[in-house]
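Report on the structure
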Amino acid sequence: MIEFCDVSFRYGETNQTGGIHHINLTVKDGECVLLCGESGCGKTTLTRLLNGLIPHFYSGRLSGEVRIHGKDISQMQLYELAPLVGSVFQNPRSQFFNVDTDSELAFSCENLGYSIPDIHKRVNKTVDELHLHHLLGRNIFHLSGGQQQIISCGTVNTQGADIIVLDEPSSNLDAAATEHLRQVIMRWKKQGKTILIAEHRLYYLADFVDRIVYMKDGTICKEMTYDELTAMPQDKRCRLGLRASNLSHLTFSSLCRTPIQESLMLEDFCFSYRHTGRALHIPNLTLPAGQIIAITGLNGAGKSTFARCLCGLQKRCGLLHLGNQSLNWRKRLKSCYMVMQDTGRQLFTEYVLDEVLLSMDCEDEETALHILDRLDLRLYKDRHPQSLSGGQKQRLAIASALAGERDILVFDEPTSGLDYRHMTEVATCLKELMQKGKTIFVITHDAELILSCCTHIMHMECGEITASYPLNETGTKKVLDFFLHPIKERSYYETTQNEWTKKPVSIRGQA
C-alpha cells in the first residue's frame, strides 16, 4: 500500500512557484491510479516523491510522510527503494545508463545483484512479453523517441518491481506505440502491479484505470472514475484542462482555413545516416506555403530526420524553393527555426525571460514578456529553464520560436506533455503565425492538435512521403482512422535495413 500523509513539498529553499500542498492519498495494492491536471499542477512531484528522487535528488522543503508498506520513503536509501519501485520517465534518455539496448534491459537486474542466469531469464522473458525482438542489439541513441520509451518499459519489466510509476509515458509515442504501451500496462495490471500514471493523454487508459485523481495548484481537487470522466460534459472537461477521453468524437476546425497563395517545393531531399543506411528519400514534393502542415507517421518513419534536413541541420540535403528563392542547407539555417522534441537540449540561459530574449535579433523585453503571457509563462520569468516541468519547458521553447520571427518554423512534438488548455494556446499561436504568412511544419502524434489548427497532412513511412492531402472532412476521416487503427508499419516493427528475427540476448559479452 502507498500512503501520502499530509505531504507538502517546495523546490529549493525559497517560496518559488511549484510543489504540492497537504496531499493525502492512499493507493491500494494492485490499484491503477491516474494523476491528471494542467501542466505544473504537481503530478510529477508526486511521482518523484514515490520513487525517491525527492528528497534524494531534488532538494527542497518536505513535510509529511510518503509510505510504502508502512515505511517512510524519506528514511530509506535509494538502493532500498530500487527493488520496490520502477519508474518510466517522460524523457527516456534521462534514465538510460548504457549505449546498447541489450545491456540497458539487463542493467536494473545487474544493479540489484541478480545472478547471470537469472538476468538472462528475466531479460528474455521481457523481450517475449513486450515483443522487443526488433529492438535487440541496437544503439539506444539511434532509436526513435517511442522506441526508447518502450525500452524504458522493458527495463522496469525486467526489474520486477511491484510498484510502477509512469510520468507522461505516451507524450512522444505514435499511435501504434501508444497501443503497445497500453497492452504493456494492461499486462502489469493483470499481474497485480500497483501503478501510478501521471498523464495528459487519456483516451488509451480506459480499460485499466481504477481511479482518477485530478490536481490543481499542487493540491488534490477531485477524485472520479473513468466512466465519470467520460460522462463529463465537454465544456466542463475543457475548463478542467483535460484532454479528450475518446478520439472518435473529434472534428476538424474549419476556422483556420486560409487561401493558398503559393507553393513550397522540395527537391532531392535524400539523406542517409552512416550506420543505419537510407533515412530519407523525397526526390520531389510540392506543399502549400503559408499553411500549417502536420507531419504524421509512426516512430522511426523519418519525420525528425526530415525536419533536420528542412532546417539545414543536416548538411548537403536538397533544395527548398519558396517564391523566387532557392534555399540550400546553409541558407535554410537562417530562414528556419526548429523546436526540438527534447526541448531541454535547446534551453541555454539562466532565466526564462533571457531564453526568449536570446532568440530575438534585437532584444525587446516588453515583446518577450507578451510572448510569455500568451503561453502562460510570465509567472516563471525569473526561474531557471531547467527547473520547469516538461510541459513548461515545451512552451518555453515555443516562445523562443515565436520570438525568432523566421519564415519557416518546424515544431517537433510541440504539445508533448501539455494539457488541453496549453495545447489550445499552442494551436492559437500557430494559427496566428499562419495568418502572418509563416509556413509551419508540425511533427506530431497529437490528433487533438492536428484537428485544432492544421490545414494540410503529410504522411511518412520508411523515410518516404506516402500521402499528402488537405485537412477537410475527408482528410479528417483519414487522420482519425490512422490514430484509432494504427497500421503496424515496417518502420516501427523492423530495423531500417533487415528483417528482425528472434535471437538470444547478449549481456556484456555473455552468450
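Here's what I pulled together on the structure shown here. None of the values given here were measured: they were computed from a predicted structure.

Moving on: unusual backbone geometry. The peptide bond linking Ile 54 to Pro 55 adopts the cis configuration, its omega dihedral lying at 15°. For Pro 55, the position within the fold is in helix 2 (residues 53–56). Even without being glycine, Cys 462 reaches a positive phi, approximately 50°. Inspection of the secondary structure assignment puts Cys 462 in the loop between strand 19 (456–461) and strand 20 (464–470).

Moving on, we get to the sheet that holds strand 12 (residues 277–288). Adjacent strands of a sheet form backbone hydrogen bonds with each other and so pair up, either parallel or antiparallel. Read across the sheet, 4 strands follow the order 12-11-14-15 without closing on themselves; strand pairing throughout is antiparallel. Among the strands making up the open sheet, the edge pair consists of strand 12 and strand 15 (325–327). Strand-to-strand twist across the sheet, computed as the mean angle between neighbouring axes with direction ignored, equals 10°. Looking at chain direction, strand 11 (residues 263–273) and strand 14 (residues 319–322) are connected through 4 bridges and run antiparallel.

Overall, the coordinates contain 9 aromatic pairs when judged by the stated rule. Arranged with centres 6.1 Å apart and planes meeting at 75°, the rings of Tyr 203 and Tyr 204 form a pair that is edge-to-face. For Tyr 204, a relative accessible area of 4% corresponds to the buried category. Pairwise contacts between aromatic rings join Phe 9, Tyr 11, Phe 57 and Tyr 58 into one cluster. Taking the ring centre of Tyr 58 as reference, the NZ or CZ of Arg 48 above it sits at 4.0 Å.

Burial within strand 19 is extensive, with 5 of its 6 residues counted as buried. With 6 bridges connecting them, strand 19 and strand 20 associate as antiparallel partners. By the bridge assignment, His 456 is partnered in strand 20 with Pro 470. What sits between strand 19 and strand 20 in their antiparallel hairpin is a turn of 2 residues, with Cys 462 showing a positive phi close to 50°.

It is worth spelling out the pattern of salt bridges at this point. Between side chains of opposite charge, pairing is possible as soon as their charged atoms come close. The full count for this structure, using the stated rule, is 20 salt bridges. Three or more residues joined by partner-sharing salt bridges are found here, namely Glu 38, Asp 376, Arg 421 and Glu 425.

Along its 15 residues, helix 14 (residues 390–404) runs 22 Å from first to last C-alpha, staying within 8% of the 21 Å computed at 1.5 Å per residue. The element helix 14 is extensively covered by neighbouring structure, given that 14 of its 15 residues are classed as buried. Glu 405 sits one or two residues past helix 14 and shows a positive phi near 55°.

As a further point, take helix 6 (residues 145–159). When the terminal C-alpha atoms of helix 6 are compared, their 21 Å separation across 15 residues agrees well with the 21 Å that a helix rising 1.5 Å per residue should span. In terms of burial, helix 6 is a largely internal element, 15 of the 15 residues being buried. Two residues or fewer after helix 6 comes Gly 160, characterised by a positive phi angle close to 80°.

This part takes up the sheet that holds strand 10 (residues 219–224). Strand order in the open sheet formed by 6 strands is 6-7-8-3-9-10, with mixed pairing between adjacent strands. At either margin of the open sheet sits one strand with a lone partner, and together these are strand 6 (85–88) and strand 10. Between one strand and the next, the sheet's axes are offset by a mean angle of 20°, whatever the strand orientation. Helix-sheet contacts for helix 1 (residues 43–51) involve strand 3 (32–36), strand 6, strand 7 (163–167), strand 8 (194–198) and strand 9 (211–216), and the interaxial angle to strand 7 is about 150°. Strands in contact with helix 6 are strand 6 and strand 7; relative to strand 6, the strand with the most contacts, it is inclined by about 175°.

Turning next to the environment of Leu 480. Among the secondary structure elements, Leu 480 is positioned in helix 17 (residues 473–484). With near-sequence residues (within four places) excluded, Leu 480 lies in contact with Leu 247, Leu 250, Leu 451 and His 485.

Now for the pairing of strand 3. Within strand 3, 5 of the 5 residues are buried, which leaves the element mostly enclosed by the surrounding structure. Burial along strand 3 is two-sided: Cys 32, Leu 34 and Cys 36 and Val 33 and Leu 35, pointing in opposite directions, are all buried. For strand 3 and strand 8, the ladder comprises 4 bridges, and the chain directions are parallel. Along strand 8, the bridge assignment pairs Val 33 with Leu 196. As defined by bridge partners, strand 3 adjoins strand 9 across 4 bridges and the pair is classed as parallel. Residue pairing across strands places Cys 36 opposite Tyr 214, the latter belonging to strand 9.

Conventions adopted
- Residues numbered from 1 in each chain as written.
- Predicted model: local features only at pLDDT ≥ 70, side-chain atom pairs only at ≥ 80, totals over all residues.
- Heavy atoms only, no water.
- Helix = DSSP H or I, 4+ residues; strand = E, 2+ residues; numbered from the N terminus.
- Pairing = 2+ DSSP bridges.
- Axes fitted to C-alpha atoms, helices over the stretch in contact; angles between N-to-C directions.
- Phe/Tyr/Trp six-rings, centres within 6.5 Å; stacked < 30°, edge-to-face > 60°.
- Buried < 20%, exposed > 50% of the residue type's maximum accessible area, 1.4 Å probe, protein only.
- Lys NZ or Arg CZ within 6 Å of the ring centre and 35° of its normal.
- Salt bridge = Lys/Arg side-chain N within 4 Å of Asp/Glu carboxyl O.
- Expected span 1.5 Å × (residues − 1).
- Contact = heavy atoms within 4.5 Å.

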